[in-house]
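Examination of the molecular architecture
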Amino acid sequence: MWQFRTRVPADLQGVLGRTHINRSLKTSSYPDAIRAARRVAFEIEQDFEAARGGTGGDPAHAACDRPCPSPPVPSVTANTVLPEPTGPAIHIDLDLLASRIAEKLQAAQPVAAEAVVPTAEPAKAKTIQQVYDAYMADPGVIQSGKTVLAYETVFGLLIEIIGQDTPVSDIGRETCREVMDTLRWLPPNSTKRYPNLTAREIAQKTRDAGKASGLSPATVNGYMTKLSALLTWAVNEGFIDRNPAKGLGVVDTTNRKDKRQPFTPKQLQAIFTAPLYTGCQDDDYGYAKPRDARPRRGRFWVPLIGLFSGMRLNDTRAGNF
C-alpha cells in the first residue's frame, strides 16, 4: 500500500507536534497513487493554513497563540516520499512526474502524416549502343561513306565485347583494358573462322591454345583509338565525366623495316605467270581468265615498274618516276 509523506513547515512543527505527516493513499497501484498524492497534498496544505490561523481545515490544528511569519507556501510539487510497503522510501518530484505523463499522453496522440513530396527519378544512364547511335547521328562528326562502313565494323566488334546494354557510365579503365586484351587475342577473320562464338569466347579459345597469331598492334591500337574518340565525344556531351580509354594502346615491338617483308620468288612467279602476262580474255573483268589477248595498259605495267624500280604502288600509279 502506497503512503504519502511530507515535511511539516518549521513554524508549525511546534504547533502540530511533529516534523512529518504520513497518510495512506489506500492503493497499491502506482498510477492511482500519483493521482491520490495530489489530492492528499492539497488537503494537507489546507491544514497548514488553518494551523496558521486561517480558515478551513481541521480546527484542532488552528491553535496558535502568536502570529507566525508566513514562510513560502509549500506547493503540491514539493518532494514527497512514497515508501513501498516492504522497501525503502522513494522520493518523487510531482512536477517532473506530471510533465512526463503529459509527454506520454501527447506521444500517444495520432500524428498527422507528413506530406510526401514525390522526388523525380534520376535520368537513366545511356548504354554504349545508344551513345554510339547518337555519335553516328551527330552532324558534327565528319563521316564519308567508307568511314561509316569502317565504323560499323569496328564498333560492332567493340560493342559486342563491352555489351550493348552496358551503361556508358559503368565503363571504367578496367573494362577498356579487358577490351584491349580481347582484341590482342582475336585471330584475323575470327568471325568467319568461328561464326558461332562470341569475340570473348574466341579470344579465350586462342589464349587457352597458346596461339599468338592475334591482331597486330597497329590494328588493336586502331580499335582503341576509335573507342577513345567515341568516349571523348560522350564526355563532351555530358554522358560521362572522363574518358577511361584515353591513352590505352599496345606497344609495337616490330621494327619499321621488318613490318613489310619483300615478295618471295615463289610469290613473284605466281604474279607474273598469271593470265594477264601469258594471255587473258581482256583487260577488264577477264584479265584473270586465260585467253589469247595480251593488253598493255596500266594493270600490265604497274607491277613490272614496281618490280624493277622498287617503287610503291601509289607512286607508280601517280607517275612519280
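See above for the structure.
Summarised in this report is the structure supplied together with it. In every chain, residue numbers begin from 1 and rise along the written sequence. Given that the model is predicted, a residue must reach a pLDDT of at least 70 before its local features are reported, and side-chain atom pairs must reach 80 or more before they are shown or counted; all residues, however, enter totals for whole chains, interfaces and linings. Neither water nor hydrogens contribute to the side-chain values; these are computed over all heavy atoms in the structure.

Before going further, it helps to spend a moment on the packing of helix H4 (residues 128-137) against helix H9 (residues 217-236). Two elements in contact, H4 and H9, have axes separated by 10 Å at closest approach and are oriented at 85°. When the axes of H4 and H9 are compared, the pair comes out roughly perpendicular. Across from Ile128, Val131, Tyr132, Ala134 and Tyr135 in H4, the residues of H9 making contact are Ala229, Leu230, Trp233 and Ala234. Grouping the amino acids of the contact of H4 with H9 by side-chain chemistry returns 9 nonpolar, no polar and no charged. Each axis is a line fitted through C-alpha atoms, and for a helix only the stretch in contact is used; angles between axes span 0 to 180 degrees, taken between their N-to-C directions. Secondary structure counts use DSSP, requiring at least four H or I residues in a row for a helix and at least two E residues in a row for a strand, with both numbered from the N terminus. Roughly parallel means an angle under 35 degrees; roughly antiparallel means over 145; roughly perpendicular covers 65 to 115; every other angle is labelled oblique. In this description, contact between two residues means that some pair of their heavy atoms is separated by no more than 4.5 Å. For this classification, Asp, Glu, Lys and Arg are treated as charged, while Ala, Val, Leu, Ile, Met, Phe, Trp, Tyr, Cys and Pro are nonpolar and the rest, including Gly, are polar.

On to the packing of helix H6 (residues 173-184) against helix H8 (residues 199-209), then. The description of two helices packed together rests on the angle between their axes and the distance between the axes. Interaxial distance between H6 and H8 falls to 8 Å at its minimum, and their mutual angle equals 60°. The angle between the axes of H6 and H8 places the two elements in the oblique class. H8 is crossed by H6, and the crossing has left-handed handedness. Along its contact with H6, which presents Glu178, Asp181 and Thr182, the element H8 presents Ala199, Arg200, Ala203 and Arg207. Helix crossings get a hand from a simple test, with the near helix turned counterclockwise from the far one by less than a right angle marking a left-handed crossing and a clockwise turn marking a right-handed one.

What follows is about the pattern of salt bridges. For salt bridges, the criterion is a side-chain nitrogen of Lys or Arg within 4 Å of an Asp or Glu carboxyl oxygen. Using the criterion set out here, one finds 11 salt bridges in the structure. The residue Arg39 makes a salt bridge to Glu43 at a minimum N-O spacing of 3.5 Å. Taken as a pair, Arg39 and Glu43 lie in helix H2 (residues 30-51) at a separation of 4 residues, close to a single helical turn. Exposed residues in this analysis have more than 50% of their type's maximum accessible area, buried residues have under 20%, and partly exposed residues fall in between, with area computed by a 1.4 Å probe over protein chains only. You can call Glu43 partly exposed: its relative accessible area is 29%. Where Asp181 meets Arg207, a salt bridge forms, and the shortest distance between an N and an O atom there is 2.9 Å. Remark: Arg207 occurs in helix H8 and Asp181 occurs in helix H6; sequence separation between them is 26 residues. The exposure class of Arg207 is partly exposed, given its relative accessible area of 27%.

These results come straight from atomic positions and should not be treated as a statement about function.
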